[in-house]
Amino acid sequence: MADDGGIEKSRNGHTNGAGSGSNGDAEEAIAQLFDDYQAGFNDYDIDRICDCFALPAVIWQHEKGHVFADDEELIENVEALLKALEKEGVTHSDFQVVSSHVSGSSALVTLDWTQESADGEAVLEFTCHYQLIQDGSDWVISAIVNE
């Protein structure tokens, strides 16, 4: 079911969107979504991270599910996360696509993340599974399961 590496990281500076055509267009738009998401973490930009989500959104971590019904709840969560990353000394986040599957207006993507300190040492390494939906021409995260 998984299509390993089907969604490549793009570095073209475009915003999330233009995903309404073929799977190739969807994959390009989804790659841009994750580039934007990664950039939000690297820049500690709460708004950029939150713009990657559909609401309500569900995040499963530490064996508990959390539903974020509105912007305020999501922003509060992202602020707390960024403070925790800053405390751990994380200055850069990077990911590798493990698998991806696009079907119509939904997609499942698994990423392996590495979050590093300023000296390039891995501080955190983990896997996240993302459920995405297409919202108009944009692709957004509707659910995350953190391993």
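Above this text sits the structure in question.
### Here we look at the overall build of the chain
Moving on, step 1. The helix and strand inventory of the chain stands at 3 helices and 6 strands.
Moving on, step 2. Walking the chain from its N terminus toward its C terminus, one meets helices and strands in the order α-α-β-β-α-β-β-β-β.
Moving on, step 3. Considering the chain as a whole, with its 147 residues, one finds that 39% of them fall into the buried category.
Moving on, step 4. A fraction of 50% describes how many contacts in the chain between residues 6 or more apart in sequence connect residues 24 or more apart.

### Some points on the nonpolar core
Soluble globular proteins tend to pack their nonpolar side chains together in the buried interior.
Moving on, step 1. In this structure, F34, Y37, F53, Y130, L132, W139 and I141 are the most contacted members of the largest nonpolar core, which totals 32 residues.
Moving on, step 2. Elements represented by at least two residues in this core include exactly α1 (23-42), α2 (46-50), β1 (53-61), α3 (71-88), β3 (92-103), β4 (106-116), β5 (122-135) and β6 (138-146).

### Here's the deal with the pattern of salt bridges
Moving on, step 1. Under the criterion given, the structure shown has 1 salt bridge.
Moving on, step 2. The shortest N-O distance in the salt bridge between R48 and D36 comes to 3.0 Å. Taken together, the positions of R48 in helix α2 and D36 in helix α1 put the pair 12 residues apart, joining distant regions of the chain.
Moving on, step 3. Judged by relative accessible area, which is 31%, R48 ranks as partly exposed.

### Some points on the sheet that holds β1
Moving on, step 1. Spatial ordering of the open sheet is given by β2-β1-β6-β5-β4-β3, a layout of 6 strands whose pairing is mixed. The two strands at the open ends of the sheet, each matched to only one other strand, are β2 (64-68) and β3. Averaged over neighbouring strand pairs, the angle between their axes works out to 25 degrees when direction is ignored.
Moving on, step 2. Where β5 lies against β6, 8 bridges are found, and the strand directions are antiparallel. Bridging from a neighbouring strand, Q134 pairs with W139 of β6.
Moving on, step 3. Along the sheet, α1 contacts β1, β3, β4, β5 and β6; its crossing angle with β3, the most-contacted strand, is approximately 155 degrees.

### A closer look at the environment of S100
Moving on, step 1. Within the secondary structure layout, S100 lies in strand β3.
Moving on, step 2. Note on S100: relative accessible area 2%, which makes it buried.
Moving on, step 3. The sequence separation of S100 and I30 amounts to 70 residues, and the corresponding C-alpha distance is 9.9 Å.

### Comments concerning the pairing of β2
Moving on, step 1. Of the strand pairs in this sheet, β1 and β2 are connected by 5 bridges, and their pairing is antiparallel. Among the inter-strand pairings, V58 is bridged to a residue of β2, identified as V67.
Moving on, step 2. Between the antiparallel neighbours β1 and β2 lie 2 residues, among them H62 with a positive phi of about 55 degrees.

### Here's the deal with α3
Moving on, step 1. For α3, with 18 residues, the first-to-last C-alpha span of 26 Å sits near the 26 Å given by 1.5 Å per residue.
Moving on, step 2. Three or more residues of α3 are buried, namely L74, V78, L82 and L85. In a view along the axis of α3, the buried residues occupy a sector of 65 degrees, so they form one face of it. Turned more than 90 degrees away from the buried face of α3 sit E72, E76, K83 and K87, all of them exposed.
Moving on, step 3. Where the residues of α3 are buried, they touch α1, α2, β1, β2, β4 and β5.
Moving on, step 4. You can read the cap of α3 off the contacts: a side-chain oxygen lies 3.2 Å from the backbone nitrogen of E72, and it is on D70.

Here is what the cut-offs are and how they apply
Residues numbered from 1 in each chain as written. Predicted model: local features only at pLDDT ≥ 70, side-chain atom pairs only at ≥ 80, totals over all residues. Heavy atoms only, no water. Helix = DSSP H or I, 4+ residues; strand = E, 2+ residues; numbered from the N terminus. Buried < 20%, exposed > 50% of the residue type's maximum accessible area, 1.4 Å probe, protein only. Contact = heavy atoms within 4.5 Å. Core = buried A, V, L, I, M, F, W, Y, C linked by side-chain atoms within 4.5 Å. Salt bridge = Lys/Arg side-chain N within 4 Å of Asp/Glu carboxyl O. Pairing = 2+ DSSP bridges. Axes fitted to C-alpha atoms, helices over the stretch in contact; angles between N-to-C directions. Expected span 1.5 Å × (residues − 1). Arc of directions from axis to C-beta. Polar contact = N/O pair within 3.5 Å; in protein donor to acceptor, adjacent residues only side chain to side chain.

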